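# Commentary on secondary and tertiary structure
These are the residues of each chain, in order.
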Amino acid sequence: MFGSYGVWSKLIGASIGPLFQAWVRALLLVIVLIPILLWKKEIIPIEKKDWKWMGLFLIFTSFTNAPIFYAFTHMDIGTASLLFFVSQVLTMYVVGIFFLGEKLTKIKIISFFLALLGMYIVYSFSLIAFTFLAAGMAVLNGIASGGEVSFSKKLSGNYSPLYLVWLTWVTTVVTNAPVSYLLGETWSADIITNTGIYLVGFALAGVIGFTAIIEGLKTVEASIAGVLGLVEIVFAIGFGILLFSEELSMKVIIGGALIMVAAALPHVVEMGWKKKNLV
């Protein structure tokens, strides 16, 4: 689902402001999901013991749109993507180890560095292609995204994934709409009409992807999920090749293969360990 974000962005095009489409898309989901949540009786008060974790969760959520928009408009997309993914995975490792009690094993370390190497090969990182501010925004967005999904582990046991997703979209509306207005982005119903079907597709990809990752994090460690999430890069490249005739180069094949190996390695080792103990 997250790997399809680039597809929807290309289909929507540059005629609509990034922050405007973000909060409109979020508002659409907020409205559509309310009757579903009410029917399922999943809109419940946040318990006092969860206020701290919910606060952290939503604070990270509020920084998952504007920073990457600034980075993508002030530096090349490949470098911005690399900085984003590296900081996201690092954040998920840090949150997992220091806040969720996960262990830093040798296999996780090997997987992490394999994933870094794969991303480096795919994106051809260049130190001269960005300003420090733009790079900082890409890193900030990666930290925000990593913290957002990781801290959901502290909440998913008491609140439904759909409810948590709904809260993230409410936060997106509240934080992105004012910034969009202050930046002077065009607020036009005509723009929404012209790109409506793509906005709906973008919205569905977001809610399905986010619900899935919150559900998955109930049983998968955040650090491992961070590496698994990098498979998004492979799917994004695949969509680009299939839908937009983008080039499949050797470096993309090698980098994508390394990412896939990094994602699979912790689970292959774990299954082998369990099989050994059973024997």
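A few words on the overall build of the protein. Broken down by element type, the protein carries 13 helices and zero strands. Helices (α) and strands (β) of the protein occur, in sequence order from the N terminus, as α-α-α-α-α-α-α-α-α-α-α-α-α. A burial count over the protein gives 45% of its 279 residues as buried. A fraction of 91% describes how many contacts in the protein between residues 6 or more apart in sequence connect residues 24 or more apart.

Moving on: the packing of aromatic side chains. Applying the stated criterion across every chain yields a total of nine aromatic pairs. Relative to phenylalanine 113, the ring of phenylalanine 112 has its centre 5.4 Å away and its plane inclined at 75 degrees; by these criteria the two rings are edge-to-face. Here the aromatic cluster, defined as three or more aromatic residues joined through ring pairs, consists of Trp53, Phe60, Phe99 and Phe151. Between arginine 25 and the ring centre of phenylalanine 202, over which it is positioned, the NZ or CZ distance is 3.8 Å.

Let's shift gears to the packing of helix H2 (residues 18–39) against helix H10 (residues 196–216). Geometrically, a packed helix pair is captured by the angle between its two axes and the distance between the axes. It is the contact of H2 with H10, at a shortest axis distance of 10 Å, that shows an interaxial angle of 65 degrees. The orientation of H2 with respect to H10, classified from their angle, is roughly perpendicular. Classified by chirality, the crossing of H10 by H2 is right-handed. In this structure, H2 contributes Gln21, Val24, Arg25, Leu28, Leu29 and Leu33 to the contact, and H10 contributes Leu199, Val200, Phe202, Ala203 and Val207. Of the residues that constitute the contact of H2 with H10, the class distribution is nine nonpolar, one polar and one charged.

What follows is about a nonpolar patch on the surface. Taken together, Met1, Leu28, Val32, Ile36, Val200, Leu204 and Ile208 make up a surface patch of nonpolar side chains, about 570 Å² in accessible area. For the nonpolar patch, the elements supplying multiple residues, two or more each, are H2 and H10. Here leucine 204 is to be found in helix H10.

Before going further, it helps to examine the side chain of serine 111. With respect to the secondary-structure elements, serine 111 resides in helix H6 (residues 106–123). Judged by its relative accessible area of 0%, serine 111 is buried. With sequence-adjacent residues up to four places away left out, serine 111 is seen in contact with Val227, Ala262, Leu265 and Pro266.

All right, on to the environment of valine 30 then. The residue valine 30 is located in helix H2 in this model. For valine 30, a relative accessible area of 11% corresponds to the buried category. For the pair valine 30 and threonine 168, spaced 138 residues apart in sequence, the C-alpha to C-alpha distance is 9.3 Å. Sequence-distant contacts of valine 30, that is, excluding residues within four places in its chain, are made with Trp166, Trp169, Val170 and Val173.

What follows covers the pattern of salt bridges. One pass over the structure, following the stated rule, counts five salt bridges. A salt bridge links aspartate 50 to lysine 49; the shortest N-O distance between them is 3.5 Å. Since its relative accessible area comes to 3%, aspartate 50 is described here as buried. The residue glutamate 221 makes a salt bridge to lysine 108 at a minimum N-O spacing of 2.2 Å. In this pair, glutamate 221 is assigned in the loop between H10 and helix H11 (222–228) and lysine 108 in helix H6, connecting sequence segments 113 residues apart. Glutamate 221 sits in the partly exposed class, given a relative accessible area of 30%.

Turning next to the environment of lysine 108. When its relative accessible area of 5% is taken as the criterion, lysine 108 is described as buried. Considered as a pair, lysine 108 and serine 223 are 115 residues apart in the sequence and their alpha carbons are 7.6 Å apart.

Each value, and the rule that gives it
- Residues numbered from 1 in each chain as written.
- Predicted model: local features only at pLDDT ≥ 70, side-chain atom pairs only at ≥ 80, totals over all residues.
- Heavy atoms only, no water.
- Helix = DSSP H or I, 4+ residues; strand = E, 2+ residues; numbered from the N terminus.
- Buried < 20%, exposed > 50% of the residue type's maximum accessible area, 1.4 Å probe, protein only.
- Contact = heavy atoms within 4.5 Å.
- Phe/Tyr/Trp six-rings, centres within 6.5 Å; stacked < 30°, edge-to-face > 60°.
- Lys NZ or Arg CZ within 6 Å of the ring centre and 35° of its normal.
- Axes fitted to C-alpha atoms, helices over the stretch in contact; angles between N-to-C directions.
- Parallel < 35°, antiparallel > 145°, perpendicular 65-115°, else oblique.
- Left-handed = near helix turned anticlockwise from the far one by under 90°.
- Nonpolar A, V, L, I, M, F, W, Y, C, P; charged D, E, K, R; others polar.
- Patch = residues over 30% accessible without salt bridge, like charges linked within 9 Å, V, L, I, M, F, W, Y side chains within 5 Å.
- Areas by Shrake-Rupley, 256 points an atom, 1.4 Å probe, with all protein chains shown as cover.
- Salt bridge = Lys/Arg side-chain N within 4 Å of Asp/Glu carboxyl O.

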